[in-house]
Amino acid sequence: ECWPLALGGQDVVGIASTGSGKTLAFGIPALVHIAAQPAVTSKPEARGPVALVLGPTRELVSQIGEVLEEAGAKCGIKTACIYGGVPKEPQCAALARGVHIVAATPGRLQDLMEQGKLTLKRVTYFVLDEADRMLDMGFQPVIRAIARQVRSDRQTLMFSATWPMEVSNLAHEFLRGPYAKVTVGSDDLSASHSVKQIVEVCEPDERDGKLIGLLGKYHKSRKNRILIFVLYKKEAARVEQFLNRKGFPCVAVHGDMGQRDRENSVKQFHAGKVPLLVATDVAARGLDIPEVNWIVQFDPPDDPREYVHRVGRTARGETGTGRALLFLAPAELGFLRWLRDARVALHEYEFDMSKVTNIQSALTKLVEKNY
């Protein structure tokens, strides 16, 4: 649906569920946009890229870069990945050799721009992937600074699985006039229809035992991939060590790790060499690992949108199915109301209400409200 609009030069806002192919929705038109300029394609220049893709996390940017590099190799189009946590020199060297596309996180990109390592004056194709996250308050100043360096006659494309109203209002600042909006599914925050979602109410100190019980039941082969989300970096390290001690091979991804260690963890998990990955929400967006059939949310996220993105790491594509388990303490039941108020649709879910007679009335009220 997006290709004819993007190829026609229109600005596009694309909203679709996780795993629906958003990278190729903007990636293929980017390649055509560049290939249609023979002088540019035949001789990439160190003066700067023609297409710029911004993403919120190193993992997502790395994945986008790999996809575009593989596809672009067929038509002589080169891509560079720019993100923090690793030495700048190799990235600067790639830019100096000349590239057509840059996939970047905002902070490192701004850093290299200030050092004079690249310019955005040739960018005519500008993409914000996971645009809602990119336009969160923490990113807004740097995104504005970057956008001011991009040509005013650029084509701008924004893609995300979630699109709250406040982000929609802010997006007009970066789009250049009329735009086409493509929505596959609903504008509301919507968890995947292909995922059975389970809410289990338990005390925080019971979660370790319940996790081991789940792995003993659904991870007997030690081969199927399970992604475990936690809220804090220290908790990610603790759960990783706990599972390895219990005989469940496991790796972690969180912000206290170096970028090479993070990349190595994702690669091991992606290849199936280590079937369990414990992660903070740095892994909630964009990572495409089709074989994940269970998501365990050890802690609820601090934003209802992240719930949708976490759940979207399973049941990737049109035919995939999966399960997502959310642990909630009795004191955290307000998270369900928060999801409701944010209009998150939980298409198929069940409560495990065993051993929770003390909060039966609270659950009954939720059910009475059709939630």
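This one's a predicted model, so the numbers in the text were calculated from it and none came from an experiment. (Residues numbered from 1 in each chain as written. Predicted model: local features only at pLDDT ≥ 70, side-chain atom pairs only at ≥ 80, totals over all residues. Heavy atoms only, no water.)

When its secondary structure is counted, the protein shows 15 helices and 14 strands. Expressed as a percentage of its 371 residues, the buried residues of the protein come to 54%. Considering only contacts within the protein whose residues lie at least 6 apart along the sequence, 76% involve residues at least 24 apart. Accessible area for the protein stands at about 16300 Å²; split by element, carbon and sulfur atoms hold 51% of it. (Helix = DSSP H or I, 4+ residues; strand = E, 2+ residues; numbered from the N terminus. Buried < 20%, exposed > 50% of the residue type's maximum accessible area, 1.4 Å probe, protein only. Contact = heavy atoms within 4.5 Å. Areas by Shrake-Rupley, 256 points an atom, 1.4 Å probe, with all protein chains shown as cover.)

So, about the layout of surface pockets. With a probe scaled to a water molecule rolled over the atoms, the places where space remains empty come into view. If you add up the space inside the largest pocket, you get close to 590 Å³. Lining the largest pocket are 23 residues, with S62, E66, Y83, E263 and K267 positioned closest to its centre. Going through the elements one at a time, helix 4 (58-72), strand 3 (79-82), helix 5 (89-97) and helix 12 (259-271) are the ones with two or more residues in the lining of the largest pocket. Its residues placed into classes, the lining of the largest pocket shows ten nonpolar, six polar and seven charged. (1 Å grid on protein atoms, 1.4 Å probe; cavity = no way out; pocket = protein on both sides within 12 Å on 5 of 7 lines; lining within 4 Å. Points joined across faces, edges and corners; volume = space filled by probe spheres on them. Nonpolar A, V, L, I, M, F, W, Y, C, P; charged D, E, K, R; others polar.)

Turning our attention to the pattern of salt bridges. Enumeration over the complete set of coordinates arrives at twelve salt bridges. Several salt bridges converge on common partners, so that one network encompasses R207, D299 and E332. (Salt bridge = Lys/Arg side-chain N within 4 Å of Asp/Glu carboxyl O.)

The next point concerns the sheet that holds strand 7 (residues 179-184). A sheet is described by the order of its strands in space; here seven strands give the open sequence 3-4-2-5-6-1-7, paired in parallel fashion. Two strands close off the open sheet at either side, each with one partner strand: strand 3 and strand 7. The mean angle between the axes of side-by-side strands here comes to 15 degrees, regardless of whether they run parallel or antiparallel. Here four bridges tie strand 2 (residues 51-54) to strand 5 (residues 125-129), and the two strands are oriented parallel to one another. (Pairing = 2+ DSSP bridges. Axes fitted to C-alpha atoms, helices over the stretch in contact; angles between N-to-C directions.)

At a minimum axis separation of 10 Å, helix 6 (residues 106-114) and helix 8 (residues 140-149) run at an interaxial angle of 50 degrees. One way to sum up the angle between helix 6 and helix 8 is to call them oblique. With respect to the hand of their crossing, helix 6 and helix 8 are arranged in left-handed fashion. Contact residues: P106, L109, Q110 and M113 in helix 6; V142, I143, A145, I146 and Q149 in helix 8. Its residues placed into classes, the contact of helix 6 with helix 8 shows seven nonpolar, two polar and no charged. (Parallel < 35°, antiparallel > 145°, perpendicular 65-115°, else oblique. Left-handed = near helix turned anticlockwise from the far one by under 90°.)

With 36 residues, the main nonpolar core has L52, L54, L109 and M158 as its most contacted residues. Ranked by residues supplied to this core, first place goes to helix 8 with four residues. Setting aside residues no more than four positions away along its own chain, L54 makes contact with A104, L109, F126, V127, L128, D129, M134, I143 and I146. Formed by 28 residues, the second largest nonpolar core is a distinct cluster that contains A279, L287, V292 and L339. (Core = buried A, V, L, I, M, F, W, Y, C linked by side-chain atoms within 4.5 Å.)

Looking now at the packing of aromatic side chains. How two aromatic rings sit relative to each other is given by the distance of their centres and the angle of their planes. Enumeration according to the criterion identifies four aromatic pairs in this entry. Considering the side-chain rings of Y307 and F335, the 6.3 Å spacing of their centres and the 55 degrees angle between planes classify their relative orientation as tilted. Residue Y307 is found in helix 13 (residues 304-311), and its partner F335 is found in helix 14 (residues 334-341); the two are separated by 28 residues along the sequence. No difference in accessibility class separates Y307 from F335, as the two residues are buried. (Phe/Tyr/Trp six-rings, centres within 6.5 Å; stacked < 30°, edge-to-face > 60°.)

Another aspect to go through is helix 11 (residues 233-245). Between its terminal C-alpha atoms helix 11 stretches 19 Å, which fits the 18 Å expected from 13 residues at 1.5 Å a residue. Those residues of helix 11 that sit buried are A236, V239, F242 and L243. For helix 11, the arc enclosing every buried residue in end-on projection is 130 degrees, short of the 170-degree limit, so these residues lie on one face. Within helix 11, the exposed residues directed more than 90 degrees away from the buried face are K234 and R245. Tucked inside the fold, the buried residues of helix 11 contact helix 10 (207-218), strand 9 (225-229), strand 10 (250-253) and strand 11 (276-279). (Expected span 1.5 Å × (residues − 1). Arc of directions from axis to C-beta.)

All right, on to the side chain of D281 then. Structurally, D281 can be placed in the loop between strand 11 and strand 12 (292-297). For D281, a relative accessible area of 14% gives the class buried. Separated by 2.7 Å, the side chains of D281 and R310 make a polar contact. (Polar contact = N/O pair within 3.5 Å; in protein donor to acceptor, adjacent residues only side chain to side chain.)

We now examine the side chain of H254. Topologically, H254 is positioned in the loop between strand 10 and helix 12. The class of H254 is buried, set by a relative accessible area of 8%. Sequence-distant contacts of H254, that is, excluding residues within four places in its chain, are made with K233, A236, A237, R262, T280 and V282.

Residues separated by three or four positions in an α-helix point in the same direction, a consequence of the helix having 3.6 residues per turn. The end-to-end C-alpha separation of helix 12 is 18 Å, in line with the 18 Å expected for 13 residues at 1.5 Å each. Regarding helix 12, the residues found buried are Q259, R262, E263, S265, V266 and F269. The buried residues of helix 12 occupy an angular sector of 160 degrees when projected down its axis, which confines them to one face. Summarising the geometry of helix 12, the exposed residues directed more than 90 degrees from the buried face are R260, K267 and A271. Buried residues in helix 12 make contact with helix 4, strand 9, strand 10, strand 11 and strand 12. Immediately beyond the C-terminal end of helix 12, within one or two residues, lies G272, with a positive phi of roughly 80 degrees.

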